[in-house]
Amino acid sequence: MAANQEKKLAEERKHQNMQNDTKASQGQWGRAWEVDWFSLASVLFLLMFAPLIVYYFIMSCAQYQCSLTDPLLDLLMGNKHLSDIWNSTPMLTCRAAGIYFLWVTFQVVLYMSIPDFCHKFLPGYVGGVQEGAVTPAGVVNKYEINGLQAWIITHVLWFANAYCFHFFSPTIIFDNWIPLLWCANILGYAVSTFAMIKGYFFPTNAKDCKFTGNFFYDYMMGIEFNPRIGKWFDFKLFFNGRPGIVAWTLINLSFAAKQQELYGGVTNSIILVNVLQGIYVLDFFWNEAWYLKTIDICHDHFGWYLGWGDCVWLPYLYTLQGLYLVYHPVQLCTAHATGVLLLGLLGYYIFRMTNHQKDLFRRTNGNCRIWGKKPEYIECSYTSADGTKHYSKLLTSGFWGWARHFNYTGDLMGSLAYCLACGFEHILPYFYIIYMAILLTHRCVRDEHRCSSKYGKDWKRYTAAVPYRLLPGIF
Ligand code: NDP
């Protein structure tokens, strides 16, 4: 009798704990429900200044040979007024609007109308309909993975035009760079505003929406988790993965074509930038199914941060090295070029292998080998908003035993290589490594905060087993 009562009490306690766990998970899983003053200040700063930062970088290349200090000096010393700089900036043109409209429409058509065929003949490539991760509301979305195909078709057409048809010059992107910036901004703001309105009035999944009550924070970080139009047009996958990233390699090719046109040849530095960034972009598309399990898709809501960021920030600031090399055609000595290549390839190897180890581990539920051995891991559990308890595992061997985000470390090494390819004359091409270091360190902290709320004491066991974040023994 006493034993029975004890058992009943234990059951009740377990149930109570589970409800508490659920509340904790519901409150914290995903981005914040409440906004602290620091987050709000950062949001306001970015909303106000990010578009100006992009403009400043691009303008300083166009008007000041990529010097970041000369425009400021000119203004401070009264040599120029803001209006002089603005009046020398190319405005939106019908040609640029036409090019941009055709570009985005073409990418929408490739995304929506051509089911993936690459997975049918490319061994090892995962494409076609794939599932994303479980959302906080317990939903599992399906995605049509056909980015590699979109990238290949776009680039085949680009080269066919450059070498056979000559409908337009390969320098078309460089030649319209600033007018295209205005188009990208229009799309970035339009899509973010639409996403906000949609979140309020016709969300795709109301249970996966988050409202903090702060207009600016919601606009920036997004309300809806996975906004969609119809069954398949997924905003996050399209804007994160298509117009900006497919364009990245085309933009670099256009910059190389401009170097060729201006100087009669291309430098080894611009070839290095094209090759290393090309590998990174191609890797993204080859692993698009894996990308469904990354933070952008699994955890971030869709707001200005992703909408405007993917349309403007990514294509304009991730390609600064190529742009710089049009104005400063650097020819590196063999030792420098080899060093850059090796650093870039090593960074890429670490980035890819670390991501691959986690993906393999999660896909096989731990039934795999990491560096030839059975993986070591920590069992953990969490509860989704519908109250269901889920189980998961955190890998603690391979690169994941060295540091909790060694994939970021590899990414940073690759990013540094792109910058070093530009020599040491100007700071502008180094913006990328500075930005990536801030982005990935912040991401690391943000992700760990989320994981800690999601997994609770299991996360503590994990951080005790793998104490460093990015650099073993240092940070
Ligand atoms: P991760 O791929 O590291 O994903 C983090 C998630 O993985 C965590 O939230 C957790 O999710 C899970 N996880 C964490 N630790 C473990 C572990 N030990 N074992 C198993 N699962 C674990 O981060 P990102 O999505 O941010 O980045 C993916 C890649 O994209 C990185 O290589 C990064 O460098 C790159 N990147 C590039 C950017 C760019 O602009 N160039 C921007 C952002 C990222 P769960 O809840 O499932 O447990």
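Analysis parameters
Along each chain, the written sequence defines residue order, and numbers are assigned to residues from 1. Per-residue local features of the predicted model are confined to residues with pLDDT of at least 70, and side-chain atom pairs are confined, for both listing and counting, to 80 or more; whole-chain, interface and lining totals are unaffected and use all residues. No hydrogens and no water enter the side-chain calculation; it runs on all heavy atoms of the structure. Our working definition of a disulfide is a cysteine sulfur pair at a distance within 2.5 Å. Relative accessibility thresholds used throughout: buried, under 20% of the residue-type maximum; exposed, over 50%; partly exposed, between the two (1.4 Å probe, protein chains only). The term salt bridge refers to a side-chain nitrogen of Lys or Arg lying within 4 Å of a carboxyl oxygen of Asp or Glu. Helix numbers and strand numbers start at the N terminus; a helix is a DSSP run of H or I with at least 4 residues, a strand a run of E with at least 2. Buried and open spaces are told apart on a 1 Å grid over the protein atoms alone, a cavity being a set of points where a 1.4 Å probe fits but cannot get out and a pocket being an open set with protein on both sides within 12 Å along at least five of seven lines. Residues with an atom within 4 Å of a point are the lining residues. Grid points are joined across faces, edges and corners, and a volume is the space filled by probe spheres set on the points. Classification used: nonpolar for Ala, Val, Leu, Ile, Met, Phe, Trp, Tyr, Cys and Pro, charged for Asp, Glu, Lys and Arg, polar for all others including Gly. A patch is a set of surface residues, each over 30% in relative accessible area and not in a salt bridge, joined within 9 Å for like charges and within 5 Å for the nonpolar side chains Val, Leu, Ile, Met, Phe, Trp and Tyr. Under the convention used here, a 1.4 Å probe and the Shrake-Rupley method define accessible areas, while residue burial counts only the protein chains that appear. What marks off one domain from the next here is an automatic or database domain assignment. Residue contacts are counted whenever heavy atoms from the two residues lie within 4.5 Å of one another. A 3.5 Å cut-off defines polar contacts: any pair of N or O atoms within that distance qualifies, except that in protein one atom must be a possible hydrogen donor and the other a possible acceptor, and neighbouring residues in sequence count only when both atoms are side-chain atoms.

Caption draft 1: Summary view of the state of the cysteines. Within the structure shown, the criterion is met by one disulfide. Two residues, C61 and C66, share a disulfide whose sulfurs are 2.4 Å apart. Judged by the sign of its S-S torsion, about 110°, the bond between C61 and C66 is right-handed. Residues C61 and C66 agree in their burial class; the two are buried. You can see C333 has no disulfide; the closest cysteine sulfur is in C422, sitting 15 Å from it.

Caption draft 2: Quick peek at the pattern of salt bridges. Within this structure, the stated rule accounts for 14 salt bridges. Salt-bridge contacts for R363 lead to D359; the nearest nitrogen and oxygen are separated by 3.3 Å. Residue R363 and its partner D359 are located together in helix 18 (residues 334–363), separated by four residues, close to a single helical turn. Accessibility expressed as a relative area gives 57% for R363, which makes it exposed. For D359, a relative accessible area of 17% gives the class buried. Put simply, D175, K258 and E261 are held in one network by salt bridges that share partners.

Caption draft 3: Spotlight on empty space enclosed by the protein. In the structure shown here, the tally under the stated rule is two cavities of 30 Å³ or more. As a volume, the largest cavity reaches approximately 80 Å³. Along its surface, the largest cavity is lined by L276, I279, Y280, G344, G347, Y348, F351, G410, D411, G414 and Y418. Of all the secondary structure elements, the ones that give two or more residues to the lining of the largest cavity are helix 13 (268–286), helix 18 and helix 20 (406–420). Of the residues that constitute the lining of the largest cavity, the class distribution is six nonpolar, four polar and one charged.

Caption draft 4: Geometry of a nonpolar patch on the surface. Together, L44, F45, L46, M48, F49, L52, F215 and F216 give the surface a local cluster of nonpolar side chains, amounting to about 740 Å² of exposed area. Mapped onto the nonpolar patch, the elements with two or more residues apiece are helix 2 (37–64) and helix 10 (215–221). The biggest single contributor to the nonpolar patch is helix 2, with six residues. Among the secondary structure elements, F216 is positioned in helix 10. F216 sits in the partly exposed class, given a relative accessible area of 40%.

Caption draft 5: Unusual backbone geometry, seen in detail. One non-glycine residue with positive phi stands out, namely C66, at about 70°. Here C66 is to be found in the loop between helix 2 and helix 3 (70–76). In this structure C66 comes out as buried when scored by relative accessible area, which is 1%. Notably, H166 is not glycine yet its phi reads approximately 55°, a positive angle. Summarising the element assignment, H166 is placed in the loop between helix 7 (147–165) and helix 8 (172–175).

Caption draft 6: Here's a closer look at the domain arrangement of the chain. Partitioning the chain into domains gives domain 1 (90–331) and domain 2 (338–474). Here the C-alpha centroids of domain 1 and domain 2 sit 23 Å apart. Across the contact, 31 residues belong to domain 1 and 34 residues belong to domain 2. Applying the counting criterion to the domain 1 and domain 2 interface returns three salt bridges. Across the pair R443 and D296 runs a salt bridge, and its minimum N-O distance is 2.5 Å. Summed over the shared surface of domain 1 and domain 2, the number is eight residue pairs in polar contact (both at pLDDT 80 or more). Grouping the amino acids of the side of domain 1 that touches domain 2 by side-chain chemistry returns 20 nonpolar, seven polar and four charged.

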